[in-house]
Amino acid sequence: MISEKMKEFLGKGSAIRAMFEEGNRLKALYGEENVFDFSLGNPNVPAPKEVNEAIIDLVQNEDPVVLHGYMSNVGFEDVRQTIAESINRRFDTAFSAKNLIMTVGAASGLNVILKTILNPGEEVIVFAPYFVEYGNYVGNYDGKLVTISPDTETFQPNLEEFRQKINPNTKAVIINTPHNPTGVVYSEATIIKLADILREKQEKFGSAIYLISDEPYRELVYEGAEVPYLTKYYDNIIVAYSYSKSLSLPGERIGYLVIPDEVEDSSDVIDAAAIANRILGSVNAPSLIQKVIARCCDVQVNLEFYDKNRKALYNGLTELGLECVKPEGAFYLFVKSPMEDEREFVALGKKYNILMVPGSSFACPGYVRLAYCVSHETIIGSLQAFAKLMEEIQSLEK
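Quick summary incoming for the structure in this document. (Residues numbered from 1 in each chain as written. Predicted model: local features only at pLDDT ≥ 70, side-chain atom pairs only at ≥ 80, totals over all residues. Heavy atoms only, no water.)

## Description of the overall build of the protein
Link 1 in the chain: Looking only at helices and strands, the protein has 14 helices and 13 strands in total.
Link 2 in the chain: Here the protein has a C-alpha radius of gyration of 21 Å; the compact-globule value for 398 residues is 21 Å, and the two agree.
Link 3 in the chain: Projected onto its principal axes, the C-alpha positions of the protein cover 65 × 55 × 55 Å.
Link 4 in the chain: Considering the protein as a whole, with its 398 residues, one finds that 55% of them fall into the buried category.
Link 5 in the chain: Within the protein, contacts between residues separated by at least 24 positions form 74% of all contacts whose residues are at least 6 apart in sequence.
Link 6 in the chain: For the protein, the computed accessible surface area is about 17,300 Å², with 49% contributed by carbon and sulfur atoms.
Link 7 in the chain: In the protein, the 38 positive side-chain charges and the 55 negative ones have mean positions that sit 3 Å from each other. (Helix = DSSP H or I, 4+ residues; strand = E, 2+ residues; numbered from the N terminus. Rg over C-alpha atoms; globule rule 2.2 N^0.38 Å. Buried < 20%, exposed > 50% of the residue type's maximum accessible area, 1.4 Å probe, protein only. Contact = heavy atoms within 4.5 Å. Areas by Shrake-Rupley, 256 points an atom, 1.4 Å probe, with all protein chains shown as cover. Lys, Arg positive; Asp, Glu negative; His and termini not counted. Charge placed at Lys NZ, Arg CZ, Asp CG, Glu CD.)

See below:
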């Protein structure tokens, strides 16, 4: 018999993954060009040419024993130092190799740090809407997820409710900016207020409260939007990063944790995280792609492609009467459903081969998420399908 924990998962699979599989089924029936699959944040932009060039050069010229072998659980020291120096140049920080742990993407990094700091029953706060897997990651270590309700006007964090819900059992807070699913970038003013609240509560309760910043979309910003580097605003912060989006490498599973010296008992946290990386089963991040990243960590993906899609989809949908906060980052639109139950809107969309993810999957019903990291042809074709969908909804309302 499977475990009781896993029985729960059998009955509530990921809506995002289910929609992705539905997209594959529809494409087989109707042709890929006739299906408008906005379900999964799987970049349509190819990885930069520098990535392939680095792979070829490394395979041809590096010592294969080193290239494909074990290393320290925290990753190659030269790779970590190179990435640390890149962060320092861009954000005026002072990290070194010892502050970084290479991880199997940001998802693994979040699990590593939660295993490192979380005791059973302790609470982790998230702001709705949030990436649904956060709840599963916290549950892996028998923590309790505490959700702050969304501010659907701005989708900035609801800081008043946040202040009220922090208590002596609060161990960590997870934030995500640029944000999945809304595309919102948290302002510097928001970050300063959030950090002030955390310091106030730490002093009141006499315990460390960790701020975990999940940042796979950091480089994907538009129209001059700035994403504050959070280690400058609060001491007890850990950054989880992934190259899945910034270099279009989601299947390679490569990222890192930044654990600054300012974190309380930082040496112990770093050492414990290295052990967590090993005993969770990852052992270490993939060796070849670590070396590739060291050569490409300052390379950027084609933002113009995403921006073109962002503008076309946002403008097209708002012209049809749909409401959405204009995203400043990532590659998602979070659209207000024209039907009271957004799941009905999602179901009706399938009639026109439009695949959307219901906002209830992000603890924010009444909205749908569209991932616009698709071909531009998909964006343009979908607008005709959305027009027909909206016409049907309007006819149903009469």
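## Observations regarding a negative patch on the surface
Link 1 in the chain: A cluster of acidic residues, Glu264, Asp265, Asp268 and Asp271, forms a negative patch on the protein surface.
Link 2 in the chain: The residue Glu264 is located in the loop between strand 8 (255-258) and helix 10 (266-279) in this model. (Patch = residues over 30% accessible without salt bridge, like charges linked within 9 Å, V, L, I, M, F, W, Y side chains within 5 Å. Salt bridge = Lys/Arg side-chain N within 4 Å of Asp/Glu carboxyl O.)

## Some thoughts on the environment of Thr93
Link 1 in the chain: Mapping Thr93 onto the fold places it in the loop between helix 5 (77-91) and strand 2 (100-103).
Link 2 in the chain: Overall, the relative accessible area of 15% leaves Thr93 in the buried class.
Link 3 in the chain: Along the backbone, Thr93 and Ile56 are 37 residues apart, and their C-alpha atoms lie at a distance of 32 Å.
Link 4 in the chain: Leave out the neighbours within four places in its chain, and Thr93 touches Ile87, Asn88, Tyr229, Thr231 and Lys232.
Link 5 in the chain: Of the polar contacts made by the side chain of Thr93, one reaches the side chain of Asn88; its length is 2.8 Å. (Polar contact = N/O pair within 3.5 Å; in protein donor to acceptor, adjacent residues only side chain to side chain.)

## Things to note about the packing of aromatic side chains
Aromatic rings considered in pairs are described by the distance between their centres and by the relative angle of their planes.
Link 1 in the chain: Under the criterion given, the structure shown has 18 aromatic pairs.
Link 2 in the chain: For the pair Tyr217 and Tyr332, a centre-to-centre distance of 5.5 Å together with 80° between the ring planes defines the contact as edge-to-face. Linking Tyr217 in the loop between strand 6 (210-214) and strand 7 (237-242) with Tyr332 in strand 10 (residues 332-336), this pair joins segments that are 115 residues apart in sequence. With respect to burial, Tyr217 and Tyr332 carry one shared label: buried.
Link 3 in the chain: Members of the aromatic cluster, connected to one another through ring pairs, are Tyr217, Phe305, Tyr306, Phe331 and Tyr332.
Link 4 in the chain: Stacked on the ring of Phe91, the Lys or Arg Arg218 has its end atom at 4.9 Å from the ring centre.
Link 5 in the chain: Between the NZ or CZ atom of Lys291 and the centre of the ring of Phe76, over which it lies, the distance is 4.3 Å. (Phe/Tyr/Trp six-rings, centres within 6.5 Å; stacked < 30°, edge-to-face > 60°. Lys NZ or Arg CZ within 6 Å of the ring centre and 35° of its normal.)

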